[in-house]
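Here is how the chains run, residue by residue.
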Amino acid sequence: AGLPRRIIKETQGLLAEPVPGIKAEPDESNACYFHVVIAGSQDSFPFEGGTFKLELFLPEEYSMAAPTVCFMTKIYHPNVDKLGRICFDILKGNWSPALQIAHSSAINPGLVMAPNPDDPLANDVAEQWKTNKAQAIETARA
């Protein structure tokens, strides 16, 4: 009740036409809070076969402000810190009101599939990704 029409419409669209490999559902008690589960696909080595839980929260200023997305599942990734916060340009300075909740969710599989150690949030992980990629992949798979 009292939700902006845009959030209601986007949520209905997300539930009616889910993004492949992503399950995103609003919380029963707070329609601005989503439980998100993404699957590590075949092309997401070393995360293939993994299941990753995330939280997505729409701020009061949504759609002028980006959603907050955080990994709940522990992941060894140069663009995700120990608290699960994500460093990804679309969630930071490159957010646009033209984007939707689905874009927020959809970018996460792309992030999981393509670690970018040149724009890290976890410097130690990025350093290992650059200097000993085989070990970083082994650690990520574990």
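Placed above this text is the structure.
What you are looking at is a predicted structure, and each value in this text was computed from that prediction instead of being measured.

**Some thoughts on the sheet that holds strand S2 (residues 33-39)**
Strand order in the open sheet formed by 4 strands is S1-S2-S3-S4, with antiparallel pairing between adjacent strands. Among the strands making up the open sheet, the edge pair consists of strand S1 (22-26) and strand S4 (68-71). Pairs of neighbouring strands in the sheet enclose a mean axial angle of 20°, with direction left out of account. The sheet contact formed by S1 and S2 spans 5 bridges and is antiparallel. Considered in S2, the bridge of Pro26 is made with Phe34.

**Concerning the environment of Ala102**
Structurally, Ala102 is set in helix H2 (residues 101-113). You can call Ala102 partly exposed: its relative accessible area is 24%. Along the backbone, Ala102 and Gly13 are 89 residues apart, and their C-alpha atoms lie at a distance of 8.7 Å. Not counting residues within four places of it along the chain, the set of residues in contact with Ala102 comprises Leu14 and Val19.

**Details of the side chain of Gln128**
Tracing the chain through its elements places Gln128 in helix H3 (residues 123-131). Note on Gln128: relative accessible area 18%, which makes it buried. Once residues lying within four places of it in the same chain are set aside, the contact partners of Gln128 are Tyr76, Lys133, Gln135, Ala136 and Thr139.

Calculation notes
- Residues numbered from 1 in each chain as written.
- Predicted model: local features only at pLDDT ≥ 70, side-chain atom pairs only at ≥ 80, totals over all residues.
- Heavy atoms only, no water.
- Pairing = 2+ DSSP bridges.
- Helix = DSSP H or I, 4+ residues; strand = E, 2+ residues; numbered from the N terminus.
- Axes fitted to C-alpha atoms, helices over the stretch in contact; angles between N-to-C directions.
- Buried < 20%, exposed > 50% of the residue type's maximum accessible area, 1.4 Å probe, protein only.
- Contact = heavy atoms within 4.5 Å.

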